[in-house]
Amino acid sequence: MSRPTSAFIDLSALKENLKMLSELHQKNADGSQSVGAKTPKIIAVVKANAYGNGAIEVAQAIESRVDLLAIAFAHEALELREAGITKPILVLQGPHQLVDLSLTFSHNLYWMLHTDWQAEALSAFFAEQNKSSQTWFKFDTGMHRLGFGLDDFDRVQHTYKSLWQANTVVCSHLACADEVIQQHAQQQIDKFLQNVEDSDYPRCIANSATHVRFTNARQDYVRLGIAMYGSTPFTAEDSPITLAPVMHFESQIIALRTIPKGDAVGYGATWQAKRESVIATVALGYADGYPRHAPTGTPAYCNGQTIPLVGRVSMDMLTFDVTDLTAVAIGDTVQLWGDKMPINQVADHVGTIGYELMTRVSARVPRVYKKK
Ligand SMILES: *Cc1c(COP(=O)(O)O)cnc(C)c1O
């Protein structure tokens, strides 16, 4: 009775990626053993429902292998705690409202602070509660989105003295770590390190791309998201790492028809057959998170071959030209992205990135977990 549409989530691929990323610091760029490199503590970023892969299941699978979990905002911690996840959780945007702080101790949250009102509020809250938790301060080194100015480093330490303990972490985030040209990222890293070099506070700069590419940005902590989920943040040709895809987004062919040359397919009749064509209808659409603006020609995988999307994406259905398949039948599996069809290849056609495709897979798609 159920629709044959699922996101298969391969938790062993997740663990494999995490292991590879956790061991990167042991090797130099040329593959030789690196001596004396710092071992960064791993923060697994599970915001946005673990990039669409399911926050609870992902957190359960990796909790024992990482030092911290991270989410974007406090509300995202609730389901993790209800599910019994106990690892401390870092809230990357800090509190959005004063009331968020009331979760600090009950939910074991650490706050990454980026602005004065947050630091004032947290100082006052700790004083009132007569306890504190590890505090993280974010500095803006050139992304210009969040963070205290680096020229504020002394002032922030002085003004919020009570928040600066030996374990207080200084952080930044890079704008261009995944770009081919590395200059902007290197400038941000250098600027950050110059400003904090006289202090002993633990440091955290790297996301996935930064961690992979910039060895001097692997500091006390690294924040890993997309690479753990098996999608490279780099372009395919430029990727220094090979990852195991975690999400396999699949459905089945529910109808097949042959149409004459000149006939059109789908809403708006936007695609016309240039030859007699076999059209497969697949039970997945934009309500499942497949992008509606995916153009004709966007690839999927079926029976060992690549098949092109044709015509408009509907709410619940997609149409593919399967004329060139050697064998095709109703019930055949179509993979939209996963191990057979790299998510970045689909993203390139659609004009987006793997992150967006993954996080948008909607709630009506069952996540089916593969543990072995
Ligand atoms: C989402 C996020 C990350 C993870 O980034 P990836 O590119 O997915 O590794 C790291 N740091 C911050 C501040 C984030 O918001």
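Counting from 1, residues in each chain are numbered in the order their sequence is written. Confidence filtering applies because this is a predicted model: local features only for residues at pLDDT of at least 70, side-chain atom pairs given and counted only at 80 or more, and all residues used for totals across whole chains, interfaces and linings. Excluded from the side-chain calculation are hydrogens and water; included are all heavy atoms of the structure.

(A) Structural detail: the overall build of the chain. Of regular secondary structure, the chain possesses ten helices and 19 strands. Along the longest, intermediate and shortest principal axes, the C-alpha atoms of the chain span 75 × 45 × 40 Å. Under the scheme applied here, a residue whose accessible area is under 20% of the maximum for its type counts as buried, over 50% as exposed, and between as partly exposed, the area being computed with a 1.4 Å probe on protein chains only. Burial status across the chain gives 53% buried among its 372 residues. In the chain, the share of contacts with a sequence separation of at least 24, taken over all contacts with a separation of at least 6, comes to 63%. Each accessible area is a Shrake-Rupley result for a 1.4 Å probe, and residues are judged covered by the shown protein chains and nothing else. Of the roughly 16,900 Å² that the chain leaves accessible, carbon and sulfur atoms contribute 49%. Counted as positive: Lys and Arg. Counted as negative: Asp and Glu. His and the chain ends are not counted at all. Where a charge sits is defined by one atom per residue type, namely NZ (Lys), CZ (Arg), CG (Asp) or CD (Glu). Charge centroids of the chain, computed over 33 positive and 38 negative side chains, lie 4 Å from each other. The numbering of helices and of strands both runs from the N terminus, where a helix is a DSSP run of H or I of at least 4 residues and a strand a run of E of at least 2. Note on contacts: a residue pair qualifies if any of its non-hydrogen atoms lie within 4.5 Å across the two residues.

(B) Broad picture of the nonpolar core. By nonpolar core we mean a set of buried residues, namely Ala, Val, Leu, Ile, Met, Phe, Trp, Tyr and Cys, connected to one another through side-chain atoms within 4.5 Å. Counting residues in hydrophobic clusters, the biggest one holds 114 residues, and the most contacted among them are Trp136, Trp164, Phe320, Leu336 and Trp337. Dropping the residues within four chain positions of it, Phe320 is found in contact with Val278, Ile279, Ala280, Val282, Thr298, Ala300, Ile307, Pro308, Leu309, Val310, Val334 and Leu336. Counting six residues, the second-largest nonpolar core is a separate cluster that includes Ile259, Val265, Ala273 and Ile279.

(C) Representation of the UniProt feature "active site" (unreviewed entry) in the chain. UniProt positions are given in the numbering used here, feature names are shortened, and annotations may be inferred rather than shown by experiment. With numbering aligned to this structure, UniProt lists the feature "active site" (unreviewed entry) at Lys47 and Tyr267. With the annotated positions falling across 221 residues, the maximum pairwise C-alpha distance of 35.1 Å shows that they are not confined to a single cluster. Lining residues of the largest pocket, restricted to the annotated ones just named, are Lys47. Positionally, Lys47 belongs in helix 2 (residues 47–51). Once residues lying within four places of it in the same chain are set aside, the contact partners of Lys47 are Ala70, Ile71, Ala72, Glu76 and Leu92. Mapped onto the secondary structure, Tyr267 falls in the loop between strand 12 (264–265) and strand 13 (271–272). For Tyr267, a relative accessible area of 59% puts it in the exposed group. The residues touching Tyr267, leaving out its near neighbours within four places in the chain, are Arg312 and Ser314. In the cavity and pocket records, a cavity denotes points on a 1 Å grid over the protein atoms alone where a 1.4 Å probe fits but cannot get out, a pocket denotes an open set with protein on both sides within 12 Å along at least 5 of 7 lines, and lining residues are residues with an atom within 4 Å of a point.

(D) Looking closely at the pattern of salt bridges. The salt bridge criterion pairs a side-chain nitrogen of Lys or Arg with a carboxyl oxygen of Asp or Glu, the two atoms within 4 Å. Under the criterion given, the structure shown has eleven salt bridges. Here Arg3 ties to Asp288 by a salt bridge, and the two come within 2.7 Å at their closest N and O atoms. Remark: Asp288 occurs in the loop between strand 14 (277–282) and strand 15 (299–302) and Arg3 occurs in the segment before strand 1 (6–10); sequence separation between them is 285 residues. Classification of Arg3 as partly exposed rests on a relative accessible area of 31%. Of the residues examined, Asp288 reaches a relative accessible area of 0% and is grouped as buried. A salt bridge links Asp339 to Lys340; its shortest N-O distance comes to 3.9 Å.

(E) Quick look at helix 3 (residues 55–62). Of all the positions in helix 3, only Ala55, Val58, Ala59, Ala61 and Ile62 are classed as buried. One side of helix 3 carries all its buried residues, which in axial view fall inside an arc of 160 degrees. Of the surrounding secondary structure, the elements contacted by the buried residues of helix 3 are helix 1 (11–22), strand 2 (41–45), helix 2, strand 3 (68–71) and helix 4 (76–82). Each direction from the helix axis to a C-beta atom contributes to the arc, which is the arc of those directions.

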